[in-house]
Amino acid sequence: MKTMLNVALPKGRLGEKVYDMFEAAGFECPSIRDGGRKLIFENEAAGVRYFWAKPSDVAIYVERGAADIGVVGKDILVEYSPNVYELLDLNIGRCRMAVAGPKNFSDDSSRPLRVATKFSHIAADYYAGQGRDIDIIHLNGSIEIAPILGLSDVIVDIVETGTTLRENDLEVKETIMPISARLIANKAGFRFKNALIERIVSELSAQMEA
Ligand code: PRP
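Residues numbered from 1 in each chain as written. Predicted model: local features only at pLDDT ≥ 70, side-chain atom pairs only at ≥ 80, totals over all residues. Heavy atoms only, no water.

J.: Please explain the sheet that holds strand β9 (residues 154-159) as it appears in this structure.
T.: Backbone-to-backbone hydrogen bonds pair the strands of a sheet. The strands run either parallel or antiparallel. If you walk across this open sheet you meet the five strands as β8-β7-β9-β6-β10, and the pairing is mixed. Two strands in the sheet have a free side with no partner beyond their single neighbour: β8 (134-138) and β10 (170-179). Neighbour-to-neighbour, the strand axes of this sheet turn through a mean angle of 25°, independent of strand direction. Where strand β6 (residues 95-102) meets β9, five bridges bridge the pair, whose relative direction is antiparallel. Across the sheet, the residue bridging to Val-99 is Val-156, located in β9. Helix α4 (residues 120-129) rests against β6, β7 (113-117), β8, β9 and β10 of the sheet, and its axis sits at about 170° to β8. (Pairing = 2+ DSSP bridges. Helix = DSSP H or I, 4+ residues; strand = E, 2+ residues; numbered from the N terminus. Axes fitted to C-alpha atoms, helices over the stretch in contact; angles between N-to-C directions. Contact = heavy atoms within 4.5 Å.)

Have a look at this one:
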């Protein structure tokens, strides 16, 4: 039986763009475009099996070897430090990690800053680097409502177009780091399927230069 390459794609718009890149690289699996709720797609002739994972779970599949490679935001790699190889910056899914808060916010350094975020490690490291005491409030989504309701002083979150902040009367206070999508590989898979994975890396790199 032919060896299959298992590829974890982040469900959503970014994942669709990533699939387009893999298709152009010669790893097509047309049934993936059929829509519906199916999550796993295979093209045995091309030797590839794709599956849609929640973006924040892609690195877990890759770290544990359920996927050989996958695509994940740099934010997830910095936040969770999965034990994987980071092979390539795909230059898509560009956004930034930022501190944001109400326009009239002014920091009171006599008490810990209350920070709401999905990215507790990134927030903790950032403020530790500044020597600022913080109280982290870990949330799972819709972070922007936290300062509006007085749950937090500021948020640490992804800003892409800035629309969510604008429409909720918040603004960026500081940029923490730029983010983009990265191709990652399982460490053992990278050794065993090296020729194939290297081919994908070079095909995807060529598309980015084109
Ligand atoms: C992300 C992020 C911001 C928004 C930023 O949220 O947490 O809320 O996108 O994008 P923008 O700058 O283009 O408005 P996501 O859609 O992933 O939802 P959630 O965090 O509320 O789950």
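Don't stop here, the text continues.
J.: How should the nonpolar core be read in this particular structure?
T.: One broad rule of soluble globular proteins: the nonpolar side chains tend to lie buried together. In this structure, Phe-22, Tyr-50, Ile-69 and Leu-204 are the most contacted members of the largest nonpolar core, which totals 29 residues. The set of elements that each furnish at least two residues to this core consists of β1 (5-10), α1 (13-24), β3 (48-53), β4 (69-73), β11 (181-185) and α8 (194-209). Residue contacts for Tyr-50: discarding those within four places in its chain leaves Val-7, Leu-9, Tyr-19, Phe-22, Phe-27, Cys-29, Ile-32, Leu-39, Ile-40 and Phe-41. In this structure, Cys-95, Val-115, Val-154 and Met-177 belong to the second largest nonpolar core, which totals 15 residues. (Core = buried A, V, L, I, M, F, W, Y, C linked by side-chain atoms within 4.5 Å. Buried < 20%, exposed > 50% of the residue type's maximum accessible area, 1.4 Å probe, protein only.)

J.: Quick question: what am I supposed to make of the site of the ligand here?
T.: In the neighbourhood of the ligand, the contacting residues comprise Lys-118, Gly-141, Ser-142, Glu-144, Asp-157, Ile-158, Val-159, Glu-160, Thr-161, Gly-162, Thr-163 and Thr-164. For the ligand, an oxygen atom lies 2.4 Å from a polar atom in the side chain of Thr-164. Burial of the ligand by the protein amounts to 65% of the accessible area it has alone, namely 500 Å². Of the residues forming the shell around the ligand, the biggest block, three residues, is contributed by β9. Across the shell around the ligand, the residue classes tally to two nonpolar, six polar and four charged. (Near = heavy atom within 4 Å. Polar contact = N/O pair within 3.5 Å; in protein donor to acceptor, adjacent residues only side chain to side chain. Areas by Shrake-Rupley, 256 points an atom, 1.4 Å probe, with all protein chains shown as cover. Nonpolar A, V, L, I, M, F, W, Y, C, P; charged D, E, K, R; others polar.)

J.: What should I look at first to understand unusual backbone geometry in this one?
T.: In this structure, Asn-91 takes a positive phi of about 60° despite not being glycine. As for its position among the elements, Asn-91 is in the loop between β5 (85-89) and β6.

J.: I'm lost on a positive patch on the surface in this one. Help?
T.: Together, Lys-11, Arg-37, Lys-54 and Lys-118 give the surface a local cluster of positive charge. Topologically, Arg-37 is positioned in the loop between α1 and β2 (40-43). Taking the relative accessible area as the measure of exposure, Arg-37 reaches 82% and is therefore exposed. (Patch = residues over 30% accessible without salt bridge, like charges linked within 9 Å, V, L, I, M, F, W, Y side chains within 5 Å. Salt bridge = Lys/Arg side-chain N within 4 Å of Asp/Glu carboxyl O. Lys, Arg positive; Asp, Glu negative; His and termini not counted. Charge placed at Lys NZ, Arg CZ, Asp CG, Glu CD.)

J.: What is the right way to look at the pairing of β9 in this model?
T.: Each regular strand shows side chains that alternate between the opposite faces of the sheet. Of all six residues making up β9, five are buried, and the element is well covered by its neighbours. Note that β7 and β9 share three bridges and pair parallel. Paired with Thr-117 across the two strands is Val-156, which belongs to β9.

J.: What exactly am I supposed to notice about α4 here?
T.: Three or more residues of α4 are buried, namely Ser-120, Ile-122, Ala-123, Tyr-126 and Tyr-127. The buried residues of α4 occupy one face: seen down the axis, they fall within an arc of 165°. In α4, the exposed residues that point more than 90 degrees away from the buried face are Asp-125, Ala-128 and Gly-129. Note on α4: the residue one or two positions beyond its end, Gly-131, has a positive phi of about 65°. (Arc of directions from axis to C-beta.)

J.: Where do I start with the pattern of salt bridges in this structure?
T.: A side chain of one charge can pair with a side chain of the opposite charge if their charged atoms are brought near each other. Taken as a whole, this structure holds 12 salt bridges when the rule is applied. With a shortest N-O distance of 3.4 Å, Arg-111 and Asp-153 are connected by a salt bridge. You can see Arg-111 sitting in the loop between β6 and β7 and its partner Asp-153 sitting in the loop between α5 (145-148) and β9, a full 42 residues away along the chain. The class for Asp-153 is buried, based on a relative accessible area of 8%.

J.: Is there a simple way to think about α8 in this case?
T.: Residues separated by three or four positions in an α-helix point in the same direction, a consequence of the helix having 3.6 residues per turn. With 16 residues, α8 ought to run about 22 Å at 1.5 Å a step, and its terminal C-alpha atoms sit 22 Å apart, in line with that. Of all the residues in α8, the buried ones are Ile-197, Ile-200, Val-201, Leu-204 and Ser-205. Seen along its axis, α8 keeps its buried residues to an arc of 130°; they face one direction. For α8, the exposed residues set more than 90 degrees away from the buried face come down to Ala-195 and Glu-209. Looking at the buried positions of α8, the neighbouring elements they touch are β1, α1, β4, β5, β11 and α7 (187-192). (Expected span 1.5 Å × (residues − 1).)

As far as function goes, none of this settles anything; it's purely spatial.
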